[in-house]
Each structure stands twice: as C-alpha cells, then as structure tokens.
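# Commentary on secondary and tertiary structure
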Amino acid sequence: MLSKLQSFTLVGIDAESVDVEVDIALAPTPQTVLVGLAETAVRESTHRVERAIINSGFLKSPDRIVINLAPADLRKDAGGFDLPIALGILAASGQLSIERRGKFAVVGELSLDGETRPVKGALAMALAAAQRGCEALLVPAANAHEAAVVDRIPVIPITSLSEAVAYLSRRIDIEPTAVDIADLFERLCKFEEDFVDVKGQDYAKRALVISASGGHNVLMIGPPGTGKTLLARRLPTILPSLAPGESLETTRIYSAMGLLRPGQPLLATRPFRSPHHSVSDAGLVGGGSIPQPGEISLAHKGVLFLDELPEFNRKTLEVLRQPLEEGAVTISRALRSVNFPADFVLIAAMNPCPCGYRGDPRRSCNCSPMQVERYLSKISGPLLDRIDLHVEVPAVPFTQLSEAPAGPSSADLRKQVLAARARQAKRFEGLSTLVNGRMTPRQIRKFCVLKPESAQILRAAMEELGLSARAHDKVLRVARTMADLDDADHIEPHHIAEAVGYRSLDRGVWGS
C-alpha cells in the first residue's frame, strides 16, 4: 500500500513543504529504504521510527518499506520527519485508517518510546502551512504554543505516536491550542533595566535618545568603567514596542534556531545581542555549510552591541558593512542562496587607547602615539562612515555618583522617542522607510532641505574634517532626527552643529 502525508523542512528561517510518501511491498526480507536528499539526522530516523512504532504497541512491517521525501532536489535536515514517517508506515501497513478528511500537515521528532520531542522552526512551519491552505497542523505538544501564535491555522498538540494515531482515526478529539497574543505582550513586555540607574552621562543619554528616535548607529568611546555597557543595555527600554508583525518576524528567527525560552512562544521585547569579540564571521553574520542566521539576524528589530570593538577581528567587522546599509544579509552556497533579515541598531563601545585611560584626568596613559594610532586603525574608515554618532563617555566624578539626583527614567525618555517616531511615521507614510536613519539619498534631498546658515555650517565641516559623501548624509539624517525631537519642521543651524559634533573620530579628537 501507499500513503502520503505533508510535512515541512527548514531552509534558513523559512519552511518548505515536503511530501512524505511511504510504500510497502512484499519482499523476502524486511528492508527500509529512505530516498530524497536526506541528511544524516533524517537518514537515522528510520531506526528511531522503527523502535517508536514497536514500543508504542504497533507491529513492525516484515516487508520492504520505501520512504520518499519529495521534492528530491531539496535538502532535508533535522528530525522533524519522524512523526510523519511513522504515521505513513502505519497507514501503508494497514494499522492506521486516517478518518479525518481535509488537508493537514505533520511535523515532530520521536523518542524511542514513541513520545514526541520538540523541533526547531515550528513557527515558520505554521506560517507555511497557513499559506498553503492546510486545515490543521499536528506538532509536538512542546511546540504547540509557539506554532499557535499563527492564528490562521488550528494547531493540534501531540504528545505521542499513539495519540496521533488515535486522533487521525477519530478515536479521540484534541482541542487546538489557543494563544492570547495581547496577554503574552502584557506578561512578557517588561524590563529589569532602567535609565534611572545611570548617574551622569547626559551627553551619552542624549545620543542614545537620538539613536532610538531615528534608528542611528552609535560608537561610545571612553575609559573602562564609565558606563558604556550599562547605557547600551538600556537602549531597548526606550525603543518603541515591537509591532505584532515585527514580533512575528523576529520570533521566526529565534524559533528556527531553537532559542525560544520555555513559556515564551513570542518575543515581546526587542532583542539585545552582545557577542564576544572572538566571534567568527559565520557566527556574526551567518553561514555554515547549511546556512544559519548569525548574531546580526538574532538582533533583527533590536540592538547589536559590540563591546571592545577594536578587539574584534577586522575581517569580521568588515562583513558588517553590507548588512548595515541594506538591513539584510545574503548567504550564498553552491546549491542555493538564503536571505536573512538583519535590520538592527548597532551600538559599539571602545576604549580611547590600548590601556584605556587616554584623556582620563584621574589616571595617566602610558600609550605612545604610535600605539594609539595602531589601536584606532583596527576600525576601518568605511565602517566608521556607517556609524552615525561618535560619543565620548568620560569618567563620572564622585559627586555625581553619590549626590546627583536620579536622571530621567526610561519611561520619560521613551516619550520623547515615541513623539519623534510619530513625526517620522507621518513623513514616510506609504513608503518602505520607517525611520530617518534608513532614508535613501532621494529622501534626504526631499526631507532634509537646509537653510543657508545650516548649509554653510555643513559645508565648513565637510571641508575641515574631510567628511565622505556617506558621512555627509549621516549628518543630515541625524540632524533631521534632532529636529523631530524638537518638534521642528525644518533643520536649524544648531541641529547641524550638534550632528557634526557627534563625529569625534572624523575630527581626530582621539588620534591626536
């Protein structure tokens, strides 16, 4: 007999449909053949499935079993085919009569005793099932809430092979898993950090408010222990809340990587990623023989924090250039190319010199000018061009630490950010651009028209600092965001002057 079920496999962070076909024919000796470009984990599934069938109380077929995973030219990986293969074998051997009509899909890994185990990418599979018109999706119970975030398809939680057989043969009914999205956001959208914890550093806080308002990249420069990491970790607390579509897009990446925490089927807060400086190229931007997302994709719609920026391999940092411009990264391999989203705000931090104390009034710096120059040269000019704000973060005096009143809270700063974002939403209505930091050159010419006084300040800065055309556009984007924070329709001269002031590395402040 022949049986056929629909399943899915992950390709990057997307799910592709796979037909699981099982044919059983008479043969002198039992044999199981698996075809369809299956990777090792899938080829090994025949042994797991055989023991799961027997240990669940069903009979092993004494005949020749041929399992085909179609399409044949699509690489299949991971153990999500265990459950559909087992059900296909039982149906083809006459031990399962599928009484439930309609188009349904099945994914799930099996243990040797027939219990289901979670799979990666259940959310992507639920999205794909809904797009293909499936009427139900059977998933391991541990993945049910994650998949049920997609409300366009009923998600049936399955705990074991026996339960799946009983459900498909209509011996039992299983209620689809329901998820209350509003309740999830209310329960999970909370922060431990708050800007009120940071004493002093008003200049850096101002820069981070500008960054959050316009989606601008920031480089913080200062001695050790001045609060650079403290500030960076609090940036997500003033960013706008994730929209449902953004949350689904970001959660899909974490789902494909198996990084969703128990009880958290949906990301309700913007991600914050802080990879170690020893990270590889593939670890940062994605890659591998089977392409997987990297840290920049895990930071999608959130913040990527690179601490001790000069300590990163220069070649690794250079691969950031294209994603910073395009908000996505393409990983090309011989068989196919995979596109991963990577729309993030980059926050980087570094010391002003190798010892870290150049310019610190309390500690002397022992670094020679040559050492400082070599240290700063680890960051290329093209990468610096893509960073909008260079911010000095000096040591905080004792009086501010012990006596200064608490600064503005994250809630106070967030109100400023939301007001500026509202102006941008009105400006870019009907356009793909959402924030000033992503304006195209044509949009810059349209929305960043300068008065003569402002143009004169920018012209002088271009000539004295030798700013590139990209840095020129960065200054205009930042100035436009400052004007939005001031609720101003036009960019004023002081906005241009302040934006130029945030180009400290272009001014040679630290290298001189």
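Note that this is a predicted model, so its numbers are computed, not measured.

## A few points about the overall build of the protein chain
Secondary structure assignment for the protein chain yields 22 helices and 18 strands. The principal-axis extents of the C-alpha atoms in the protein chain amount to approximately 85 × 50 × 45 Å. The buried share of the protein chain, taken over its 512 residues, is 52%. Considering only contacts within the protein chain whose residues lie at least 6 apart along the sequence, 74% involve residues at least 24 apart. Of the roughly 22,500 Å² of accessible surface on the protein chain, 51% is carried by carbon and sulfur atoms. Within the protein chain, one finds 59 positive and 60 negative side-chain charges whose respective centroids are separated by 3 Å.

## Focus on helix 10 (residues 244-257)
A rise of 1.5 Å per residue sets the reference length of helix 10, with its 14 residues, at 20 Å; its end C-alpha atoms lie 20 Å apart and thus fit the reference within 8%. Every buried residue of helix 10 is accounted for by Glu246, Ser247, Thr250, Thr251, Arg252, Ile253, Tyr254, Ser255 and Ala256. With its phi angle positive at about 70°, glycine 258 sits one or two positions after the end of helix 10.

## A look at helix 2 (residues 45-55)
Of all the residues in helix 2, the buried ones are Ser45, Thr46, Arg48, Val49, Ala52 and Ile53. Buried residues along helix 2 cover an arc of 160° about the axis, so they all sit on one side. Elements that come into contact with the buried residues of helix 2 comprise strand 3 (31-35), helix 1 (40-43), strand 4 (64-70), helix 3 (82-92), strand 6 (109-110) and helix 6 (161-168). Backbone geometry just downstream of helix 2 places glycine 57 in the positive-phi region, at approximately 95°.

## Details of the nonpolar core
Met220, Leu231, Leu235, Ile238, Ile347, Leu389 and Val391 are the most contacted members of the largest nonpolar core, which totals 48 residues. When residues in this core are grouped by element, the largest group, eight residues, is from helix 21 (residues 469-485). Once you skip the residues sitting within four places of it in the chain, isoleucine 347 turns out to touch Leu208, Ser211, Val218, Met220, Ala232, Leu235, Val303, Leu304, Phe305 and Leu306.

## Regarding the environment of leucine 230
Tracing the backbone shows leucine 230 in helix 9 (residues 228-233). Its relative accessible area of 37% is what places leucine 230 among the partly exposed residues. Remark: the alpha-carbon pair of leucine 230 and valine 139, spanning 91 residues in sequence, is separated by 41 Å.

## Focus on unusual backbone geometry
In this chain, alanine 70 is followed by proline 71 through a cis amide linkage whose omega measures 5°. With respect to the helices and strands, proline 71 occurs in the loop between strand 4 and helix 3. The backbone of leucine 37 sits at a positive phi, close to 55°, despite the residue not being glycine. Even without being a glycine, aspartate 487 presents a positive backbone phi close to 60°. Inspection of the secondary structure assignment puts aspartate 487 in the loop between helix 21 and helix 22 (493-501). Take aspartate 487: its relative accessible area is 55%, and that puts it in the exposed class.

## Some thoughts on the confidence of the model for the protein chain
The predicted coordinates of low-pLDDT regions are not to be read in fine detail. In this model, the protein chain carries an average pLDDT of 92, and 98% of its residues clear a pLDDT of 70 or more. For the protein chain, the element scoring lowest by mean pLDDT is helix 17 (residues 398-402), at 73; strand 9 (residues 155-158) scores highest, at 98.

## As for the pairing of strand 8 (residues 136-140)
Among the five residues in strand 8, five count as buried, and that is most of the element. Inspection of the sheet shows strand 5 (residues 104-106) paired to strand 8 by three bridges, in the parallel sense. Note that in strand 8 the partner of valine 106 across the bridge is leucine 138.

## Structural notes on the packing of aromatic side chains
Applying the stated criterion to the full structure yields three aromatic pairs. Note on tyrosine 203 and tyrosine 502: the rings are 5.1 Å apart at their centroids and 15° apart in plane angle, and the pair reads as stacked. Taken as a pair, tyrosine 203 in helix 8 (residues 202-214) and tyrosine 502 in the segment after helix 22 lie far apart in primary sequence, 299 residues in all. Take tyrosine 203: its relative accessible area is 38%, and that puts it in the partly exposed class.

## Examining the sheet that holds strand 17 (residues 345-350)
Pairing is parallel in the open sheet, where five strands are placed in the order 11-14-17-10-18. For this open sheet the edge positions go to strand 11 (272-273) and strand 18 (389-392), each flanked by a neighbour on one side alone. Where strand 10 (residues 218-221) meets strand 17, four bridges bridge the pair, whose relative direction is parallel. Bridge pairing in strand 17 links leucine 219 to alanine 348.

## Quick word on the packing of helix 21 against helix 22
Helix 22 packs onto helix 21 with a crossing angle of 125° between their chain directions and a minimal axis gap of 8 Å. The angle between helix 21 and helix 22 falls in the class oblique. The handedness of the crossing between helix 21 and helix 22 is right-handed. Packed against helix 21, whose contacting residues are Val475, Leu476, Val478, Ala479, Met482 and Ala483, the element helix 22 presents His495, Ile496, Glu498, Ala499 and Val500 at the interface. Split by residue class, the contact of helix 21 with helix 22 holds nine nonpolar, one polar and one charged.

What counts, and at which threshold
- Residues numbered from 1 in each chain as written.
- Predicted model: local features only at pLDDT ≥ 70, side-chain atom pairs only at ≥ 80, totals over all residues.
- Heavy atoms only, no water.
- Helix = DSSP H or I, 4+ residues; strand = E, 2+ residues; numbered from the N terminus.
- Buried < 20%, exposed > 50% of the residue type's maximum accessible area, 1.4 Å probe, protein only.
- Contact = heavy atoms within 4.5 Å.
- Areas by Shrake-Rupley, 256 points an atom, 1.4 Å probe, with all protein chains shown as cover.
- Lys, Arg positive; Asp, Glu negative; His and termini not counted.
- Charge placed at Lys NZ, Arg CZ, Asp CG, Glu CD.
- Expected span 1.5 Å × (residues − 1).
- Arc of directions from axis to C-beta.
- Core = buried A, V, L, I, M, F, W, Y, C linked by side-chain atoms within 4.5 Å.
- pLDDT = per-residue confidence, 0-100.
- Pairing = 2+ DSSP bridges.
- Phe/Tyr/Trp six-rings, centres within 6.5 Å; stacked < 30°, edge-to-face > 60°.
- Axes fitted to C-alpha atoms, helices over the stretch in contact; angles between N-to-C directions.
- Parallel < 35°, antiparallel > 145°, perpendicular 65-115°, else oblique.
- Left-handed = near helix turned anticlockwise from the far one by under 90°.
- Nonpolar A, V, L, I, M, F, W, Y, C, P; charged D, E, K, R; others polar.

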